[in-house]
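Spelled out, the chains give:
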Amino acid sequence: MPDHVSQPRLLLRRLHSVMAGSGKPQDRLDRVVRVIAQNMVAEVCSIYLARAGSVLELFATEGLKEEAVHLTRLSVGEGLVGLVAERGLPLNLSEAPQHPRFAYRPETGEDIYHSFLGVPILRTGRVVGVLVVQNVAPRRYKPEEVEALQTISMVIAELVASGELVDKRELTEDSGSTGEPITLDGLALAGGVGAGVAVFHQPQVRITRTVADDIDEERTRLEDAIAEMRLQLEQMLEHPDLAHGGEHREVLETYRMFAYDQGWQEKMRDAVMSGLTAEAAVDRVQQENRMRMAKIRDPYLRERISDFDDLAVRLIRIIQGDTSSHRAKLTEDSVLVARTLGPAELMDYDRKYLKAIVLEEGSSTSHVTIIARAMGIAMIGRVTGLLTHVEPGEPVVVDSASGHAYVRPADDVLESYKANLKLQEQLLAEYAAERDLAAETLDGEKITLLMNAGLLVDLPSLDSTGAEGIGLFRTEFQFMVAPALPRVDEQTRVYAAAIEAAGDRPVVFRTLDIGGDKPVPFLPRDEEENPAMGWRAIRIALDRPALLRYQLRALLYAAAGRTLHVMFPMIAEVAELKRCKSILNKELLRLKKYDKEPPTEVKVGCMLEVPSLAWQMDLLVKEVDFLSIGTNDLMQFFFACDRSNPRLANRYDLLAPPVLSFLHGIVQTCHKAGVPVTLCGEMGGRPIEAMALVALGLRRLSISPTSVGPVKRMIRSLNLKALEGFVTSNISSAEHSIRDKLIHFARDHDIKL
Ligand code: PEP
Ligand code: MG
């Protein structure tokens with residue numbers, strides 16, 4: 001094992017003394033790359049620094065040709081170094097020249113080096129450079145080596161921030177604000193409209209000292225800060241706004257749970273032991289969390305892990321003695337502008353003046369979104385380049401319905417904003433008035449509206465939306481955020497709480513859908529070409545049956561004396577389902593053997609999200625008590641179209657005739673066999689799609705909590721008989737989509753979309 005891995009403290013100290021030593025900044029940087037190359041047993045070590053924000057210049061190298069220094073320049077995104085800067089993530093390659101992004105620069109002479117490890121040099125969340133090591137022999141660097149290089153990069157960031165190498169002005173991005181009205185596009189996260197002056201949320205913290213002088217002292221600083229952070233969260237939970245419970249209180253409870261996470265604390269303690277200061281240790285672990293996050297494509301899970309980000313910033317502030325609150329800052333109607341925002345950070349603002357939120361990141365299932373919804377604050381996310389287009393103090397109007405943020409809006413926009421505000425108030429009042437009414441069509445057809453959930457924080461939505469149960473409980477999240485495999489009793493606790501909160505309403509638990517784009521820390525896997533079609537979900541469960549057995553055991557314990565609904569994800573053939581059922585039977589026998597109370601009834605279902613299964617429908621309906629169509633996955637396989645590829649997002653329409661006739665066939669078979677069928681993909685939550693689905697015979701939809709109101713409103717305005725004939729007569733047409741026809745139909749028949 002290279003020296004630095006066992007002795008990281010020594011290396012950090014050495015680097016620190018080189019950087020703080022005498023001599024010109026360039027000479028010190030040259031010494032730094034030599035020390036790193038030596039310690040990493042690397043033939044090359046190079047440092048590229050960002051100039052004027054978007055060009056990466058080779059500033060120092062050990063191993064590449066000297067004449068390339070200050071000559072080789074790459075744009076962000078260009079070559080492997082540019083790729084590291086673009087993604088802000090490490091890149092570890094055993095055969096760098098074969099990588100499609102490899103850009104050969106003859107002046108460097110780097111073509112003889114096969115292996116490449118590059119890590120970003122990050123400063124307050126921004127990439128200010130890239131640190132690279134290379135070796136002639138092809139090899140993949142070990143995780144400890146990647147970690148060590150990341151730790152080293154933090155020390156280099158300290159040198160960059162001093163402004164001795166690159167002028168400090170080059171380190172801050174220019175504002176692209178033009179003074180003209182502009183419209184920014186984003187993703188609607190929390191409904192509504194809101195307007196005010198732009199206030200920049202500044203979660204970033206500056207770390208000025210990375211290498212510890214006294215490890216014991218740093219440990220104490222860390223422990224004290226953790227205790228203080230917990231105290232702050234406890235006080236936040238005492239806040240009068242939260243006194244009556246409800247959704248956002250639940251969110252903060254979960255958030256508090258994260259603050260007590262042992263794995264997180266252990267990692268921070270380890271980082272201090274490796275020689276970092278308390279604040280650098282927190283930052284280091286946060287960077288690692290971000291890396292984990294970046295690998296997860298599911299936005300729902302991503303955002304939950306990002307709560308740690310929020311806590312980390314809070315912790316660093318406490319360590320550095322910054323106790324300022326944002327609350328006092330809002331003095332007039334304001335729109336909060338940020339790259340990302342944590343749920344507790346949002347709670348820090350005065351809601352009286354907080355009218356809307358615009359984020360560069362964010363997702364529809366993040367905690368901060370749930371809180372914003374609970375507080376009735378309009379929010380849009382995924383606004384590219386947001387921070388460069390707005391200046392603090394400028395007027396902004398946010399309209400979630402269109403996903404637009406109008407910066408420095410013109411008068412006509414302001415007029416339409418006022419009209420929208422009125423409409424929004426009317427709609428919310430309508431949803432609330434219909435909450436306890438049945439989702440029944442005008443001609444008396446009852447539709448069951450269930451909701452999708454994944455964590456205990458989602459449960460209060462059952463009451464607030466009037467959903468009739470949970471049609472899909474995604475169990476994987478508990479596994480994703482845990483540093484180690486959750487024990488059976490920990491799993492049981494979560495499942496029992498969900499069943500308890502639902503009362504008489506059903507909760508359908510789906511067994512783990514991990515792997516693919518939902519990696520878990522305790523299950524190492526190989527990189528996969530096509531993770532969505534890879535070793536995931538039931539495939540992992542059947543190859544590692546202990547995992548499934550423990551989960552089924554926890555579910556059976558949690559449902560003692562009640563009905564258990566359990567279903568299996570990504571089943572591709574009936575034989576697979578049978579194997580799952582036999583594992584379940586073993587667990588039922590085990591219950592008997594140990595004389596534990598069983599559920600009164602166990603209903604077994606299956607997700608239909610792999611097309612092959614649709615060709616075994618006759619066999620399938622004999623094996624299940626219920627079926628759930630997961631269109632998110634099913635449709636990506638149906639069209640051979642990656643669901644997370646933004647380029648393909650609008651390529652195919654789910655209101656296309658082949659989709660509708662395919663679903664129609666599945667639903668018919670289920671009805672004939674008397675097997676209840678639910679659709680639990682996102683499409684069911686959009687009123688126009690939901691309208692087509694009920695016309696195809698679907699009577700059960702499991703949708704996101706926020707969709708319950710709009711879908712119910714559509715159903716209650718619908719005359720099903722007329723629509724059924726219209727849809728079935730159109731499903732064999734050769735059109736790309738029948739969306740427009742359906743919109744016209746809805747308009748002609750006063751259906752509320
Ligand atoms: C689906 O695939 O439709 C589904 C509901 O599962 P997930 O989105 O969790 O993959
Ligand atoms: Mg799925």
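The text that follows walks through the structure, step by step, so that each part is easy to find. (Residues numbered from 1 in each chain as written. Chains lettered and ligands numbered in written order. Predicted model: local features only at pLDDT ≥ 70, side-chain atom pairs only at ≥ 80, totals over all residues. Heavy atoms only, no water.)

### Description of the overall build of the protein chain
Move 1: For the protein chain, the count of helices and strands is 28 helices and 22 strands.
Move 2: With 753 residues in all, the protein chain has 55% of them scored as buried.
Move 3: Counting only contacts in the protein chain whose residues sit at least 6 apart along the sequence, the fraction spanning at least 24 positions is 68%.
Move 4: Summed over its atoms, the accessible surface of the protein chain is roughly 31,700 Å², and 50% of this surface lies on carbon and sulfur atoms. (Helix = DSSP H or I, 4+ residues; strand = E, 2+ residues; numbered from the N terminus. Buried < 20%, exposed > 50% of the residue type's maximum accessible area, 1.4 Å probe, protein only. Contact = heavy atoms within 4.5 Å. Areas by Shrake-Rupley, 256 points an atom, 1.4 Å probe, with all protein chains shown as cover.)

### Regarding the environment of Pro-710
Move 1: Mapped onto the elements of the fold, Pro-710 is located in helix α26 (residues 705-715).
Move 2: Sequence spacing of Pro-710 and Tyr-431 is 279 residues, and the spatial spacing of their C-alpha atoms is 7.1 Å.
Move 3: Excluding its chain neighbours within four sequence positions, the residues that come into contact with Pro-710 are Tyr-431 and Pro-687.

### Here's the deal with the sheet that holds strand β1 (residues 44-51)
Neighbouring strands of a sheet are bound in pairs by backbone hydrogen bonds; such pairs are parallel or else antiparallel.
Move 1: If you trace the six strands from one edge of the open sheet to the other, you get β3-β2-β1-β6-β5-β4, paired in antiparallel fashion. In the strand order of this sheet, the two ends are held by β3 (73-75) and β4 (91-93), each with one partner. Across this sheet, the average inter-strand angle for adjacent strands is 25°, counted without regard to direction.
Move 2: Relative to strand β2 (residues 55-62), β1 runs antiparallel, the two being bridged by seven bridges. Counted as the bridge partner of Ala-50 is Leu-56 from β2.
Move 3: Docked against the sheet, helix α3 (residues 25-39) engages β1, β2 and β6 (126-135), running at close to 65° with respect to β2. (Pairing = 2+ DSSP bridges. Axes fitted to C-alpha atoms, helices over the stretch in contact; angles between N-to-C directions.)

### Brief notes about the coordination of the magnesium ion (ligand 2)
Move 1: Every protein donor of the magnesium ion (ligand 2) is accounted for by Glu-609 (OE) and Asp-633 (OD), and the metal-donor separations fall at 2.1 to 2.2 Å. In this pair, Glu-609 is assigned in the loop between β19 (601-608) and α22 (617-623) and Asp-633 in helix α23 (residues 631-638), connecting sequence segments 24 residues apart.
Move 2: Judged by relative accessible area, which is 2%, Glu-609 ranks as buried.
Move 3: Using a relative accessible area of 3% as the deciding quantity, one classes Asp-633 as buried. (Donors = N, O, S within 2.8 Å, 3.2 Å for Na, K, Ca; no water.)

### Details of the side chain of Glu-218
Move 1: Tracing the sequence through the fold places Glu-218 in helix α7 (residues 215-237).
Move 2: Given the relative accessible area of 1%, Glu-218 is considered buried.
Move 3: Sequence-distant contacts of Glu-218, defined by excluding residues within four places in its chain, comprise Arg-209, Ala-212, Val-272, Leu-276, Thr-277, Ala-278 and Glu-279.

### Side note on the nonpolar core
Within soluble globular proteins, side chains that are nonpolar tend to cluster in buried spots.
Move 1: Counting 98 residues, the largest nonpolar core has Leu-627 and Leu-663 as the members making the most contacts within it.
Move 2: Beyond its immediate sequence surroundings of up to four residues, Leu-663 is in contact with Ile-629, Thr-631, Leu-634, Met-635, Leu-679, Met-683, Leu-693 and Leu-696. (Core = buried A, V, L, I, M, F, W, Y, C linked by side-chain atoms within 4.5 Å.)

### Considering helix α27 (residues 720-730)
Move 1: Those residues of α27 that sit buried are Leu-720, Leu-723, Val-727 and Asn-730. Mapping the buried residues of α27 onto a view down its axis gives an arc of 105°, with all of them on the same face. Along α27, the residues that are exposed and aim more than 90 degrees away from the buried face are Lys-721 and Ser-729. (Arc of directions from axis to C-beta.)

### A closer look at the state of the cysteines
Move 1: Inspection of every chain in the model, using the stated rule, returns zero disulfides.
Move 2: Here Cys-580 is not disulfide-linked; the sulfur of Cys-606 is the nearest cysteine sulfur, at 8.3 Å. (Disulfide = S-S within 2.5 Å.)

### Details of the sheet that holds strand β13 (residues 395-399)
Move 1: If you trace the eight strands from one edge of the open sheet to the other, you get β7-β14-β13-β9-β10-β11-β12-β8, paired in mixed fashion. Edge positions in the open sheet fall to β7 (182-185) and β8 (187-190), since each of these has one partner strand only. Strand-to-strand twist in this sheet, taken as the mean axis angle between neighbours without regard to direction, amounts to 30°.
Move 2: Bridging between β8 and strand β12 (residues 378-381) involves three bridges; their strand directions are antiparallel. Residue pairing in the sheet places Ala-190 in a bridge with Met-379 of β12.
Move 3: Most of the contacts of helix α15 (residues 411-434) go to strand β9 (residues 193-200), to which it runs at about 120°, and overall it touches β9, β13 and β14 (404-407).

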